[in-house]
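# Survey of secondary and tertiary structure
The primary structure of each chain is shown beneath.
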Amino acid sequence: MKPRSAQSLLFVLFQVMTLCYYSGVNAQRNYHDYSKDLTGVLLDDQFNSLQNKWNLHNSKIENGVLSVRDPGGSIKNPKTSIKVPIDETKDFEIEYTARHMGGLVTASLFWNGYRWQISKKSSTIERTKTFGSALLAMVSNGFRGEEFQKFTIRKIANYLYFYLDEGYLNNTLYKQAEFDGILDIGSIGKIDFDYITVSYLTKNENGIPEKKISTQPTRTQNNTDGLTPITTEIKKGGKYYALIVGVSKYDEPKLNLDKPEKDAEKIKEIFVKQYSFADSTTFLLKNPTRQKIISELYRLRKIIGSNDNLLIFYAGHGFWDEDARQGYWWAKDAVPDDPSTWLSNSDLREQIRSIKSAHTLLISDACFSGGIFKTRSGNDIQNASRDIQMLYQMPSRRAITSGTMTAVPDNSVFLEYLSKRLTDNKNKFLSSQQLFDSFRAAVINNSSAVPQDGVIAETGDEGGDFIFILKEK
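Residues numbered from 1 in each chain as written. Predicted model: local features only at pLDDT ≥ 70, side-chain atom pairs only at ≥ 80, totals over all residues. Heavy atoms only, no water.

Now for the sheet that holds strand 24 (residues 343-344). On the basis of which strands lie adjacent, the open sheet formed by 3 strands has the order 22-23-24 and antiparallel pairing. Of all the strands in the sheet, the pair left with one neighbour each is strand 22 (317-321) and strand 24. As defined by bridge partners, strand 22 adjoins strand 23 (residues 326-330) across 5 bridges and the pair is classed as antiparallel. Paired with Trp 320 across the strands is Gly 327, a residue of strand 23. (Pairing = 2+ DSSP bridges. Helix = DSSP H or I, 4+ residues; strand = E, 2+ residues; numbered from the N terminus.)

Moving on to the packing of helix 2 (residues 260-274) against helix 6 (residues 413-424). Where helix 2 contacts helix 6, the two axes come as close as 10 Å, and the packing angle between them is 15°. One finds that helix 2 runs roughly parallel with respect to helix 6. For the crossing formed where helix 2 meets helix 6, the hand is left-handed. Contact with helix 2, carried on its side by Asp 263, Lys 266, Ile 267, Ile 270, Phe 271 and Gln 274, involves Leu 415, Leu 418, Ser 419, Leu 422 and Thr 423 of helix 6 and no other residues of that element. A per-class count over the contact of helix 2 with helix 6 returns 6 nonpolar, 3 polar and 2 charged. (Axes fitted to C-alpha atoms, helices over the stretch in contact; angles between N-to-C directions. Parallel < 35°, antiparallel > 145°, perpendicular 65-115°, else oblique. Left-handed = near helix turned anticlockwise from the far one by under 90°. Contact = heavy atoms within 4.5 Å. Nonpolar A, V, L, I, M, F, W, Y, C, P; charged D, E, K, R; others polar.)

What follows deals with the pattern of salt bridges. This structure, assessed with the given rule, holds 18 salt bridges. Its salt-bridge partner being Arg 299, residue Glu 296 comes within 3.3 Å of it at the nearest N-O pair. Here Arg 299 and Glu 296 lie together in helix 3 (residues 290-303), a separation of 3 residues that amounts to about one turn. Neither residue differs from the other here; Glu 296 and Arg 299 are each classed as buried. Among the ionic pairs, Lys 420 bridges to Asp 424, the shortest N-O distance being 3.1 Å. Of this pair, Lys 420 and Asp 424 both sit in helix 6, 4 residues apart, which is roughly one turn of the helix. (Salt bridge = Lys/Arg side-chain N within 4 Å of Asp/Glu carboxyl O. Buried < 20%, exposed > 50% of the residue type's maximum accessible area, 1.4 Å probe, protein only.)

Taken together, the buried positions of helix 4 (residues 345-354) are Asn 345, Leu 348, Arg 349, Gln 351, Ile 352 and Ser 354. Considering only its buried residues, helix 4 is in contact with helix 3, strand 21 (309-315), strand 23, strand 24, strand 25 (359-365) and strand 26 (396-401).

We now examine the pairing of strand 14 (residues 191-203). Most of strand 14 is tucked away: 11 of the 13 residues are buried. Summarising the sheet, strand 1 (residues 34-45) and strand 14 pair through 7 bridges and their orientation is antiparallel. The partner of Asp 44 across the bridge, within strand 14, is Thr 197. Of the pairings in the sheet, the one linking strand 3 (residues 65-68) to strand 14 comprises 3 bridges and is antiparallel in character. Bridge pairing in strand 14 places Leu 66 opposite Phe 193.

Averaged over all residues, the pLDDT of the protein chain equals 75, while 72% of them reach at least 70. Predicted confidence is poor over residues 72-76, with pLDDT under 50, and the contacts of this stretch with residues over four places away or in other chains come to 5 contacts. Considering only residues more than four positions removed or in separate chains, one finds that residues 206-235, a stretch of pLDDT under 50, has 57 contacts. (pLDDT = per-residue confidence, 0-100.)

With that settled, the discussion passes to the environment of Lys 239. Checked against the element boundaries, Lys 239 lands in the loop between strand 18 (233-235) and strand 19 (240-246). On the basis of relative accessibility, which here comes to 40%, the residue Lys 239 falls in the partly exposed class. Setting aside residues no more than four positions away along its own chain, Lys 239 makes contact with Leu 38, Asn 307, Asp 308 and Asn 309.

One pass over the structure, following the stated rule, counts 18 aromatic pairs. Relative to Trp 330, the ring of Phe 319 lies with its centre 5.3 Å away and its plane at 20°, an arrangement referred to as stacked. Note that Phe 319 is positioned in strand 22 and Trp 330 in strand 23, a separation of 11 residues in sequence. Given a relative accessible area of 8%, Trp 330 falls into the buried group. Relative to Phe 468, the ring of Phe 466 lies with its centre 5.0 Å away and its plane at 65°, an arrangement referred to as edge-to-face. (Phe/Tyr/Trp six-rings, centres within 6.5 Å; stacked < 30°, edge-to-face > 60°.)

To continue, consider the sheet that holds strand 21. Overall, mixed pairing links the 6 strands, which are arranged 20-19-21-25-26-28 in an open sheet. Edge positions in the sheet fall to strand 20 (282-286) and strand 28 (452-455), since each of these pairs with one other strand and no more. Ignoring which end each strand starts from, the neighbouring axes of this sheet average 10° apart. Bridging between strand 19 and strand 21 involves 7 bridges; their strand directions are parallel. When the bridges of strand 21 are listed, Ala 242 appears paired with Leu 311.

A few words now on the packing of helix 3 against helix 4. Between helix 3 and helix 4, whose axes approach to 9 Å, the crossing angle comes to 15°. Regarding the angle of helix 3 to helix 4, the classification is roughly parallel. At the point where helix 3 passes helix 4, the crossing takes the left-handed sense. Facing helix 3, whose interface residues are Arg 290, Ile 294, Leu 297, Tyr 298 and Arg 301, helix 4 presents Asp 347, Leu 348, Gln 351 and Ser 354.

Turning our eyes to something else, we now look at the side chain of Ser 354. When you line up the elements, Ser 354 lands in helix 4. The exposure class of Ser 354 is buried, given its relative accessible area of 17%. For Ser 354, the side chain forms a polar contact with the side chain of Arg 301, separated by 3.1 Å. (Polar contact = N/O pair within 3.5 Å; in protein donor to acceptor, adjacent residues only side chain to side chain.)

This is how it looks when you write it as structure tokens:
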């Protein structure tokens, strides 16, 4: 009986270990269990320039897209590549969006001995060796038409996990690097990449409260000692994201402008240098297409949390269609006589409504930008005054625009005074309403435009406000 008991015990132990193993693996299948650690972003390329110094071969970066036209890779004909050194003792992620653009298509992303091979019909994970490669898994079907799909590779503990459009596909044991962090891309056919990011991961712990009780005293006028504790729940401060768009160069040369691209660069510099916007969370799009703007908004939808804040800035042409009673932005590829190439206010409201941020502020310096209203009549936040805290507690979806339903000049007085007030501001906490009030009169007195601010209707505003927070010097 003793041997049988020992054997039974070993069997039970094996079952428990197996259950624990599969529970551990299954626990990582949810894409949203982990997110990017924005303090540990190793590569964040939106392909707006060559700033990340890719070694391009038969490839080009244009209109915010990396277009790969490489007939495979070899010593004589190497792939498009970049070096990304990663500390492999940490959990990390490689994520990118790609689409095929016709013809014979096979794309591969190769990193440290692993290759994700994608064709029209299939998607496989391979482990390369000195000679040839070993198939690890058939993970999905191939490309889905000529549309961008999101591919995610995550190293968590001792495993690699693979996701397509945030849906779990498969996993495999992870082996240490062999090729010193070289990330390369090869293809037969025509492949476009919209962005590629490499970052360390942070685990999203369940049950962390989004609100906390603050007992810090604040000044009040109706108390004899001048102090009273705040017992209202105050929303926890989050990250600050910004999408900054400037369109000066159009496919239709007659639409070209001089200032928007430079204005967008200036605004980004102010946000990153003076306020709580990190360079890694501030995205500048210079002369993007309509599709690129929507793709970026969709990408932000996936990474912005309920405590985070989003600011969207646009400078470029705007248009009001009186018959449709609709306003539009004109991106780089806008055709004046083709409304299908315009980005409507309805599209923007839909995107803003879908981004579940604590606060979203839209600043638009474009003709007819007042049409966005449709109808009108960081943790430092805990140290703000009570009125600022109360504004931050309630969700907001607001906009500041350079005009009502009129044209505005290329040389923007609105942008001039907006930049000046943001630069000269000395208040640690500044609401968008305070910012607008500080320059509205100056714009009216020095131009024919009447700037507007207010709620973006039907997007989830509950009466709060976007709060700018100055960085400590």
